[in-house]
Amino acid sequence: NRLQLAKLKPATNSYVHGVFPKPVSNPKLENATILMLCRNWELSGVLKSMRSLEDRFNKDYHYTWTFLNDVPFTDKFIEATTQMASGPTQYGLVPAEDWNVPAYVNETKMDECLIDFENRDVIYGGSRSYRNMCHFNSGFFFKQELVQQYDYYFRVEPEVEYFCDFQMDPFRLLRENKKKYGFVMTLLEYENTIPSLWNAVEDFMNLHPEYIHPDSLFDFVTNDEPIGTGRLVVEHNSSYNLAHFWSNFEIGDLNFFRSEAYESYFDHLSRTGGFHYERWGDAPVHSIAVALLMNQSEIHHFEDIGYTHAPFATCPTSQSIIYGKRCVCSEACKEDNFNVHPHSCLPRYWKYNGKRFLREYYHEED
Ligand code: GDP
Ligand code: MN
């Protein structure tokens, strides 16, 4: 009996490399990867997300999945995800210096802040690893060795679901339409996680006005109407309205994050210590960069990709799109589509970026 079991157990090598041959890779692929930072114990949620994205999109394309972790992935994780992917998979270990608290942060002060934030019930307020994760996702994911070769990434998290067939390659859509950042949901950040973030951003704007795009989406993230002729008046004391793109879903241009402007922005923010003394999320940090450093025409709302990451869900509203893209929208989503939720910033997004969109669409003059 023992002998039989041993015989049945496949050799590790052929198992890891796929018992079933992978489909021939698609010659029309963009230079892009699907990217997931995650932990070994999240495997079942990882497989759920993979299953959903493979069925709805990647089974027709076979893009490479790139997994990143601050500790090595287990054999079990590698075997299961290799089998679930329709394309190649690769696994990267994040170098300690890209993950850990940087030397310019005072660890004693940080420990006090963790206790203080925890006591004030700030979400993930007492967590050191969550801070490392947000700092990494803000400044280091695009620099990882396995990611360097790519131009575009599609960020995926464990336990998410896509409700509709893509019926298009979102990477190609970005490239052909000169877009650099795509999102599905936009909402308000918890104010108590980022008390001094906007001060740091204002300092950066004053130090580096040359990096702020003259046709930026500044108005989307601030409450102030623009004064003068320019969109941005740096001397003006503006305030952040907490609007951000929900970064558990992102499809974007890695070269934006590798730009001198973003590098300088991230370095400025990181050196204030705010990621660690407070609890700055990568979502507001990415979003503010996107809103200030990009041309607003480079931002894209993927309105047809139904999507959920707890606790919110969104689905297309058009019945013909729901049928045509074979969407299975949850009941919760039909009744409480996030786009019209009071915390959704989509109406504000359309107020500022929609006018430009309509102008371009109808080829009208300003
Ligand atoms: P939430 O969505 O803000 O509630 O936070 P998550 O727990 O989903 O974390 C965001 C992403 O970072 C997910 O893809 C997680 O798998 C990943 N993540 C969070 N903390 C860690 C960590 O300590 N190590 C690793 N490797 N991944 C992490
Ligand atoms: Mn998550």
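All values derive from a computational prediction rather than experimental measurement.

A few words on the coordination of the manganese ion (ligand 2). Taken together, the protein ligands of the manganese ion (ligand 2) are Glu 157 (OE) and His 309 (NE2), with distances of 2.0 to 2.2 Å. Remark: His 309 occurs in strand S11 (residues 307-309) and Glu 157 occurs in the loop between strand S4 (152-155) and strand S5 (161-162); sequence separation between them is 152 residues.

Looking now at the side chain of Thr 81. Within the secondary structure, Thr 81 is located in helix H4 (residues 75-84). Here Thr 81 falls in the buried class, since its relative accessible area comes to 0%. In this view, Thr 81 contacts Leu 43, Val 46, Leu 47, Met 50, Phe 67, Thr 89 and Tyr 91; residues no more than four positions away in its chain are not counted.

Close to ligand 1 lie 14 residues; Leu 37, Glu 42, Asn 69, Tyr 124 and Tyr 130 are nearest. One of the side-chain nitrogen or oxygen atoms of Asp 70 is found 2.9 Å away from a nitrogen atom of ligand 1. Contact between ligand 1 and Glu 157: an oxygen atom at 3.0 Å from a side-chain N or O atom of the residue. Applying the majority rule of atoms within 2 Å of the grid points places ligand 1 in the largest pocket. Broken down by element, the residue count for the shell around ligand 1 peaks at three residues, all from helix H7 (residues 128-139).

Our next topic: the packing of helix H3 (residues 43-56) against H4. Running from N to C, H3 and H4 point in directions that differ by 15°, and their axes come no closer than 10 Å. Between H3 and H4, the angle is such that the two are roughly parallel. By crossing handedness, the relation of H3 to H4 is classed as right-handed. Contacts between H3 and H4 involve Leu 43, Val 46, Leu 47, Met 50, Arg 51 and Glu 54 on the former and, on the latter, Lys 76, Phe 77, Ala 80, Thr 81 and Met 84. Partitioned by chemical class, the residues of the contact of H3 with H4 number seven nonpolar, one polar and three charged.

Looking at the secondary structure, you find Asn 353 in helix H17 (residues 346-361). Classification of Asn 353 by relative accessible area gives buried; the value is 1%. Of note is the side chain of Asn 353, whose polar atom sits 3.1 Å from the backbone oxygen of Gln 296. Sequence-distant contacts of Asn 353, that is, excluding residues within four places in its chain, are made with Leu 217, Gln 296 and Ile 299.

Take Asp 121: it is sitting in the loop between helix H6 (107-119) and H7. Sequence-wise, Asp 121 and Asn 192 are 71 residues apart; in three dimensions their C-alpha atoms are separated by 9.3 Å.

Note on backbone geometry: most residues besides glycine have negative phi, and most peptide bonds are trans. Looking along the chain, the bond that leaves Ala 310 and enters Pro 311 is cis, with omega of 5°. Assignment of secondary structure puts Pro 311 in the loop between S11 and strand S12 (312-314). Phi at Asp 121 is positive, roughly 60°, even though this residue is not glycine. Even without being glycine, Leu 242 reaches a positive phi, approximately 75°. Mapped onto the elements, Leu 242 comes out in the loop between helix H10 (218-221) and strand S8 (243-245). On the accessibility criterion, Leu 242 (17% relative accessible area) is buried.

The rules behind the values
What you see as residue numbers is a count from 1 along each chain, following the sequence as written. Chains and ligands are labelled by the order in which they are written, letters from A for the one and numbers from 1 for the other. Where local features are concerned, this predicted model is filtered to residues with pLDDT of at least 70; where side-chain atom pairs are given and counted, the filter is 80 or more; whole-chain, interface and lining totals use all residues. Side-chain metrics rest on all non-hydrogen atoms present in the structure, leaving aside hydrogens and water. Each metal's donors comprise the N, O and S atoms found within 2.8 Å of it (within 3.2 Å for Na, K or Ca). Water is not part of the atom list, so some coordination spheres may appear incomplete. Labels follow the DSSP assignment, with helices taken as runs of H or I lasting at least four residues and strands as runs of E lasting at least two, numbered in each case from the N terminus. Only protein chains enter the accessibility calculation, which uses a 1.4 Å probe; a residue whose area is less than 20% of its type maximum is buried, one above 50% is exposed, and one in between is partly exposed. In what follows, a contact means two residues having at least one pair of non-hydrogen atoms within 4.5 Å. The nearness test applies per residue and asks whether one of its heavy atoms lies within 4 Å of the molecule or strand. A 3.5 Å cut-off defines polar contacts: any pair of N or O atoms within that distance qualifies, except that in protein one atom must be a possible hydrogen donor and the other a possible acceptor, and neighbouring residues in sequence count only when both atoms are side-chain atoms. Cavities and pockets are defined on a 1 Å grid built over the protein atoms alone: a cavity is a set of grid points where a 1.4 Å probe fits but cannot escape, while a pocket is an open set with protein on both sides within 12 Å along at least five of seven lines, and lining residues are those with an atom within 4 Å of any such point. To be counted as sitting in a cavity or pocket, a molecule needs more than half of its atoms within 2 Å of that site's grid points. Interaxial angle, 0 to 180 degrees, is taken between N-to-C directions of lines fitted to C-alpha atoms, where a helix line uses only the stretch in contact. An angle counts as roughly parallel when it lies under 35 degrees, as roughly antiparallel when it exceeds 145, as roughly perpendicular when it falls between 65 and 115, and as oblique in every other case. A crossing counts as left-handed when the near helix is turned anticlockwise from the far one by less than a right angle, and as right-handed when that turn is clockwise. Put simply, Ala, Val, Leu, Ile, Met, Phe, Trp, Tyr, Cys and Pro go in the nonpolar bin, Asp, Glu, Lys and Arg in the charged bin, and everything else, Gly too, in the polar bin.

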